[in-house]
Amino acid sequence: MRAKFWGTRGSIATPGPGTVHFGGNTSCVEVTTNAGDIFMFDCGTGARSLGASLVASGKPIKATILLSHTHWDHIQGFPFFTPLFMPGNEITVCGPQGSGRSLHDVLAGQMEFNYFPVELNALPAKITFRELAEGTHEFGTTRVVAQYLNHPTMTLGYRIEADDSAAIYFCDHEPFSTTFWHKQPTLGDADSIVHEGDRRHARFMAGAGLVIHDAQYTPEEFPARKNWGHSTYEYAVGLAAAAGVRHLALTHHDPAHDDAFVQGIEQRARAFAREVGPSIEVVCAYEGLELNVVAHGVSPWLQRGTVATQVTSEMARPSNRPRRILVVDDSEDLRDLAKVALMQDGYIVMEAPTGEAGLVIADSWKPDIILLDLIMP
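Here the structure is a predicted model, which means the values were calculated and not measured. (Residues numbered from 1 in each chain as written. Predicted model: local features only at pLDDT ≥ 70, side-chain atom pairs only at ≥ 80, totals over all residues. Heavy atoms only, no water.)

**Section: the pairing of strand 13 (residues 281-284)**
Strand direction decides the pairing type here: strand 12 (residues 247-251) and strand 13, joined by four bridges, are parallel. Looking across to strand 13, one finds that Leu 248 is bridged to Val 282. Tracing the backbone out of strand 12, into helix 5 (residues 259-276) and back to the parallel element strand 13 gives a crossover that is right-handed. (Pairing = 2+ DSSP bridges. Helix = DSSP H or I, 4+ residues; strand = E, 2+ residues; numbered from the N terminus. Right-handed = clockwise from strand over helix to strand, strands pointing away.)

**As for the packing of helix 4 (residues 233-243) against helix 5**
Two elements in contact, helix 4 and helix 5, have axes separated by 10 Å at closest approach and are oriented at 30°. In terms of orientation, helix 4 lies roughly parallel with respect to helix 5. Considering how the two elements wind past one another, helix 4 and helix 5 form a crossing that is right-handed. Contacts from Tyr 233, Glu 234, Val 237, Gly 238 and Ala 241 of helix 4 reach helix 5 at Ile 265, Arg 268, Ala 269, Phe 272, Ala 273 and Val 276. (Axes fitted to C-alpha atoms, helices over the stretch in contact; angles between N-to-C directions. Parallel < 35°, antiparallel > 145°, perpendicular 65-115°, else oblique. Left-handed = near helix turned anticlockwise from the far one by under 90°. Contact = heavy atoms within 4.5 Å.)

**Topic: the state of the cysteines**
As enumerated under the stated definition, the model contains zero disulfides in all. Left without a disulfide partner, Cys 284 is nearest to the cysteine sulfur of Cys 171, which lies 13 Å away. (Disulfide = S-S within 2.5 Å.)

**So, the nonpolar core**
Counting 37 residues, the largest nonpolar core has Phe 41, Leu 66, Tyr 158, Ile 160 and Leu 326 as its most contacted members. In terms of residues, this core owes the most to one element, strand 9 (residues 156-162), which gives four residues. If we ignore the near neighbours within four places in the chain, the residues touching Leu 66 are Phe 39, Met 40, Phe 41, Asp 42, Cys 94, Leu 132, Phe 139, Val 144, Tyr 158 and Ile 160. With 36 residues, the next largest nonpolar core counts Ala 242, Leu 250, Phe 272 and Val 276 among its residues. (Core = buried A, V, L, I, M, F, W, Y, C linked by side-chain atoms within 4.5 Å. Buried < 20%, exposed > 50% of the residue type's maximum accessible area, 1.4 Å probe, protein only.)

**So, the sheet that holds strand 2 (residues 28-32)**
Think of a sheet as strands paired side by side through backbone hydrogen bonds, with each pair either parallel or antiparallel. The strand order across the open sheet built from seven strands is 6-5-4-3-2-1-14, with neighbouring strands paired in mixed fashion. Each edge of the sheet is formed by a strand with only one pairing partner; in this case those strands are strand 6 (126-132) and strand 14 (290-292). Averaged over all pairs of adjacent strands, the angle between strand axes in this sheet comes to 20°, irrespective of strand direction. Looking at chain direction, strand 1 (residues 2-7) and strand 14 are connected through three bridges and run antiparallel. Each residue of the ladder has a partner; that of Arg 2, found in strand 14, is Asn 292. In the packing of helix 1 (residues 47-56) onto the sheet, the strands contacted are strand 1, strand 2 and strand 3 (38-41), and the crossing angle to strand 2 comes to about 35°.

**What to know about the side chain of Glu 174**
Its place among the elements puts Glu 174 in the loop between strand 10 (165-170) and helix 3 (196-205). Residue class for Glu 174 comes out buried when judged on its relative accessible area of 3%. In terms of polar contacts, Glu 174 uses its side chain to reach the backbone amide nitrogen of Gly 229, at 2.9 Å. (Polar contact = N/O pair within 3.5 Å; in protein donor to acceptor, adjacent residues only side chain to side chain.)

**So, the sheet that holds strand 16 (residues 348-352)**
The three strands are arranged 16-15-17 in an open sheet whose pairing can be described as parallel. For this open sheet the edge positions go to strand 16 and strand 17 (369-372), each flanked by a neighbour on one side alone. Averaged over all neighbouring strand pairs, the angle between strand axes comes to 20°, with direction disregarded. The pairing of strand 15 (residues 324-328) with strand 16 spans five bridges and is classified as parallel. Pairing of Ile 325 across the sheet is with Val 349, part of strand 16.

**Topic: the pattern of salt bridges**
Under the defined criterion, the tally for this structure stands at 13 salt bridges. Across the pair Lys 4 and Glu 290 runs a salt bridge whose closest N-O atoms are separated by 3.8 Å. Here Lys 4, found in strand 1, pairs with Glu 290, found in strand 14; they are 286 residues apart in sequence, far enough to count as distant. Taking relative accessible area as the criterion, Glu 290 reaches 43% and is therefore assigned partly exposed. Taking the shortest distance from any N to any O, the salt bridge between Lys 339 and Glu 351 comes out at 3.4 Å. Of this pair, Lys 339 sits in helix 7 (residues 332-344) while Glu 351 sits in strand 16; the two residues are 12 residues apart in sequence, bridging distant segments of the chain. (Salt bridge = Lys/Arg side-chain N within 4 Å of Asp/Glu carboxyl O.)

**Side note on helix 4**
With 10 of 11 residues buried, helix 4 lies mostly within the body of the structure. What helix 4 keeps buried is the set Tyr 233, Tyr 235, Ala 236, Val 237, Gly 238, Leu 239, Ala 240, Ala 241, Ala 242 and Ala 243.

From the geometry alone we can't say anything about function, so treat these as descriptive.
Here's what the structure looks like:
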């Protein structure tokens with residue numbers, strides 16, 4: 001497999017002299033298998049350049065877009081993805097299931113006439129929408145495993161398995177615990193991770209040839225931005241060490257961080273990596289960066305005997321995903337209190353302010369548990 005970065009910025013595109021090296025386009029990563037299958041992680045503004053590159057080949061395009069979620073910086077390049085405007089191309093668009101609105105409706109919303117001159121249904125390419133739950137999904141000869149991330153909206157991380165290796169994309173994820181480690185993490189040491197949600201996150205990485213991970217904030221910035229749904233380089237490097245990962249690319253750079261600042265983050269991340277696992281190679285992703293994803297062997301953690309099963313078969317069983325809890329309460333303060341407490345324990349939480357809204361969400365999202373206020377209009 002080969003991975004190429006077309007957009008590495010988070011939140012909003014930031015073109016200009018301060019972002020020339022690492023780039024100003026929002027998230028978009030191309031992954032191509034040896035068989036020629038094309039996958040795209042997210043469809044931020046970097047998708048425009050990727051689309052132009054694909055069209056330049058002169059061949060019919062068949063590609064799969066794997067959206068981590070539908071926040072604007074991850075879909076805003078979709079209307080400018082040129083292959084969508086050409087008949088004969090086949091594009092499959094995937095995103096997390098259970099967001100309240102269909103994937104088609106969300107993408108059509110940003111292309112309705114008030115915002116864009118061409119409506120989604122007018123695009124001539126063959127477009128298929130596929131909403132994914134956590135688990136294993138087949139795309140031809142390639143296996144894609146999805147896992148829920150810790151973000152304010154329904155968000156998936158992806159593991160593409162092909163060519164005897166795996167590439168992982170974790171964009172827009174926040175640590176489950178403010179305390180990451182019992183002790184300094186070291187290569188293959190699962191016991192160093194405090195929270196089960198973070199241990200599960202690391203298990204998903206195990207054995208991968210490449211992990212692409214959100215690292216929007218520095219450790220100093222993170223406390224003031226908690227609950228915004230993003231990570232630090234320290235968290236990403238530490239979990240990569242615990243999972244036995246050798247190659248880590250940090251992405252989703254904050255729009256306030258210019259090239260010099262991101263370069264400083266890269267230096268700090270590499271210094272930390274030398275402390276926790278001398279064999280970890282860390283890079284802050286930049287537009288145009290190409291990486292070969294090669295089989296890297298079984299991680300030390302996998303050799304302990306239990307995790308190998310969890311990385312493969314556990315993901316295929318929906319019963320093992322984090323429990324979905326719907327909180328229905330007309331008090332915003334109580335909803336917030338419940339949501340924060342439950343998310344800290346690794347649950348996926350949605351909320352509704354009325355009984356009517358709760359019924360709509362329950363019907364589409366299928367929660368495992370409903371936490372319902374007893375005295376409510």
